[in-house]
Amino acid sequence: MAMNLRLRDDQTEALKQRAEQEGTSMHAILLKAVDEYLARTAHQELVKRSAKDQVAKWSELLERLK
């Protein structure tokens, strides 16, 4: 799916410079950034769910330890 991305001028310039330094395209850097964001937030959600499950599982013990 195609989409438009509007960056500020300073973002565009920084991205362009980084792409030149890395010898890659601005597009490739943005795709990598999106992939990393999606992986990180998926992991964070998994950790949150797991923590909730553990609190529920051990709630009686946690209450006794207060």
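Draft legend 1. Inspection of the overall build of the chain at higher detail. Across its full length, the chain carries three helices and zero strands. Along the chain, helices and strands appear, N-terminal first, in the series α-α-α. The C-alpha radius of gyration of the chain comes to 21 Å, more than 25% above the 11 Å expected for a compact globule of 66 residues. Along the first, second and third principal axes, the C-alpha set of the chain runs to 60 × 25 × 20 Å. Residue burial in the chain is summarised as follows: out of 66 residues, 5% are buried.

Draft legend 2. Geometry of the packing of helix α1 (residues 9-22) against helix α2 (residues 26-57). Contact pair α1 / α2: the axes reach a minimum separation of 8 Å and the direction vectors enclose 100 degrees. Regarding the angle of α1 to α2, the classification is roughly perpendicular. Each of Thr12, Leu15, Lys16, Arg18, Ala19 and Glu22 in α1 lies in contact with α2, whose residues at this interface are Met26, Ile29 and Leu30. Among the residues forming the contact of α1 with α2, the class breakdown is five nonpolar, one polar and three charged.

Draft legend 3. The arrangement of α1 in detail. The terminal C-alpha atoms of α1 lie 20 Å apart, and with 14 residues this matches the ideal 20 Å at 1.5 Å per residue to within 8%. With its phi angle positive at about 70 degrees, glycine 23 sits one or two positions after the end of α1.

Draft legend 4. Region of the structure containing the layout of surface pockets. In this structure, the largest pocket encloses a volume near 210 Å³. Forming the boundary of the largest pocket are Met3, Asn4, Leu5, His27, Leu30, Leu31 and Val34. A class-by-class count of the residues in the lining of the largest pocket yields five nonpolar, two polar and no charged.

So, how was this worked out
- Residues numbered from 1 in each chain as written.
- Predicted model: local features only at pLDDT ≥ 70, side-chain atom pairs only at ≥ 80, totals over all residues.
- Heavy atoms only, no water.
- Helix = DSSP H or I, 4+ residues; strand = E, 2+ residues; numbered from the N terminus.
- Rg over C-alpha atoms; globule rule 2.2 N^0.38 Å.
- Buried < 20%, exposed > 50% of the residue type's maximum accessible area, 1.4 Å probe, protein only.
- Axes fitted to C-alpha atoms, helices over the stretch in contact; angles between N-to-C directions.
- Parallel < 35°, antiparallel > 145°, perpendicular 65-115°, else oblique.
- Contact = heavy atoms within 4.5 Å.
- Nonpolar A, V, L, I, M, F, W, Y, C, P; charged D, E, K, R; others polar.
- Expected span 1.5 Å × (residues − 1).
- 1 Å grid on protein atoms, 1.4 Å probe; cavity = no way out; pocket = protein on both sides within 12 Å on 5 of 7 lines; lining within 4 Å.
- Points joined across faces, edges and corners; volume = space filled by probe spheres on them.

Such coordinate-based values are descriptive only and should not be taken to indicate function.
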